[in-house]
Amino acid sequence: MKRRCIFLDRDGVINVKPPEGEYVCRWEEFQFLPGIADWIRLANALGYLVIVVTNQRCVARGLLRSEDLDAIHARMVAELAQAGARIDDIFVCPHEEGTCECRKPRPGLVRKAQQQWNIDLAGSLLIGDSDCDEKLAAVCG
């Protein structure tokens with residue numbers, strides 16, 4: 001049976017988006033947006049998977065190691081879980097623009113999640129804060 005999902009962008013949806021050209025490279029720079037745990041709990045209660053899809057070019061630029069990004073995400077998931085909000089998975093594009101098929105707005109991250117979690121894209125939502133996220137939603141239907 002296919003599952004419904006709410007795909008969330010990270011920066012600007014879960015946490016405060018850093019200024020253009022800057023990145024969250026340490027946990028101390030990560031700041032949850034007000035009410036995000038409530039929204040995730042609601043999605044959980046409604047039976048949706050909650051999956052984060054995020055571009056993190058800071059890895060390709062050498063500003064952050066993949067292991068450090070994973071640690072930030074593990075802390076994010078743990079803090080949300082303490083608030084009763086479950087993130088089911090996180091899919092990251094660590095690449096520079098134009099070098100892969102997973103960098104949003106290309107559909108690689110969503111397609112990978114769809115295959116791994118048996119997701120019904122037509123019954124799912126994508127919540128983002130940019131034109132890139134809007135284009136991704138359109139490409140994925």
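So, here is what we can say about the structure in this document. The model shown is predicted, which means the values in this text are computed figures rather than measured ones.

### Side note on the overall build of the protein chain
Along its length, the protein chain carries four helices and four strands. Start at the N end of the protein chain and walk to the C end: the helices and strands fall as β-α-β-α-β-α-β-α. Over its C-alpha atoms the protein chain spans a radius of gyration of 14 Å, differing by no more than 12% from the 14 Å that the globule rule assigns to 141 residues. C-alpha extents for the protein chain along the principal axes are approximately 40 × 35 × 25 Å. Classification of the 141 residues of the protein chain by burial places 40% in the buried group. Within the protein chain, counting contacts between residues at least 6 apart in sequence, those at least 24 apart form 71% of the total. Counting every atom, the protein chain has about 7,600 Å² of accessible surface; 51% of that belongs to carbon and sulfur.

### A short note on the pairing of strand β1 (residues 5-8)
Where burial is concerned, the two faces of β1 agree: the one with Cys 5 and Phe 7 and the one with Ile 6 and Leu 8 are both buried. For β1 and strand β2 (residues 49-55), the ladder comprises four bridges, and the chain directions are parallel. Bridge assignment links Cys 5 to a residue of β2, and that residue is Leu 49. Tracing the backbone out of β1, into helix α1 (residues 36-45) and back to the parallel element β2 gives a crossover that is right-handed. Relative to strand β4 (residues 125-127), β1 runs parallel, the two being bridged by three bridges. In the sheet register, Ile 6 faces β4, and the bridge partner there is Leu 125.

### With respect to the nonpolar core
Counting residues in hydrophobic clusters, the biggest one holds 23 residues, and the most contacted among them are Leu 8, Ile 14, Phe 30, Ile 40, Met 76 and Leu 80. Of all the secondary-structure elements, those providing two or more residues to this core are β1, α1, β2 and α2 (66-82). Contact partners of Phe 30, with chain neighbours within four places excluded, come to Arg 10, Ile 14, Asn 15, Val 24, Ile 72 and Met 76. By size, the runner-up hydrophobic cluster in this structure holds 16 residues, among which are Ile 51, Leu 109, Ile 119 and Cys 140.

### Quick notes on the environment of Cys 93
Its location among the elements puts Cys 93 in strand β3 (residues 89-93). Each C-alpha atom of the pair Cys 93 and Gly 108 lies 8.9 Å from the other, and the pair is 15 residues apart in sequence. Once residues within four sequence positions are removed from consideration, Cys 93 is found in contact with Thr 54, Asn 55, Gln 56, Arg 57, Cys 100, Cys 102, Arg 103 and Leu 109.

### Some remarks on helix α4 (residues 131-140)
Each α-helix winds once per 3.6 residues, and so residues spaced three or four apart point in a common direction. Inspection of α4 places Asp 133, Leu 136 and Cys 140 among the buried residues, and these make up the whole buried set. Buried residues of α4, viewed axially, fall in a sector of 55°; they line one side. Residues of α4 that are exposed and point over 90 degrees away from its buried face: Asp 131, Glu 134, Lys 135 and Ala 138. Residues of α4 that are buried make contact with α3 (108-117) and β4. At the C-terminal side of α4, Gly 141 shows a positive phi close to 75°.

Each value, and the rule that gives it
- Residues numbered from 1 in each chain as written.
- Predicted model: local features only at pLDDT ≥ 70, side-chain atom pairs only at ≥ 80, totals over all residues.
- Heavy atoms only, no water.
- Helix = DSSP H or I, 4+ residues; strand = E, 2+ residues; numbered from the N terminus.
- Rg over C-alpha atoms; globule rule 2.2 N^0.38 Å.
- Buried < 20%, exposed > 50% of the residue type's maximum accessible area, 1.4 Å probe, protein only.
- Contact = heavy atoms within 4.5 Å.
- Areas by Shrake-Rupley, 256 points an atom, 1.4 Å probe, with all protein chains shown as cover.
- Pairing = 2+ DSSP bridges.
- Right-handed = clockwise from strand over helix to strand, strands pointing away.
- Core = buried A, V, L, I, M, F, W, Y, C linked by side-chain atoms within 4.5 Å.
- Arc of directions from axis to C-beta.

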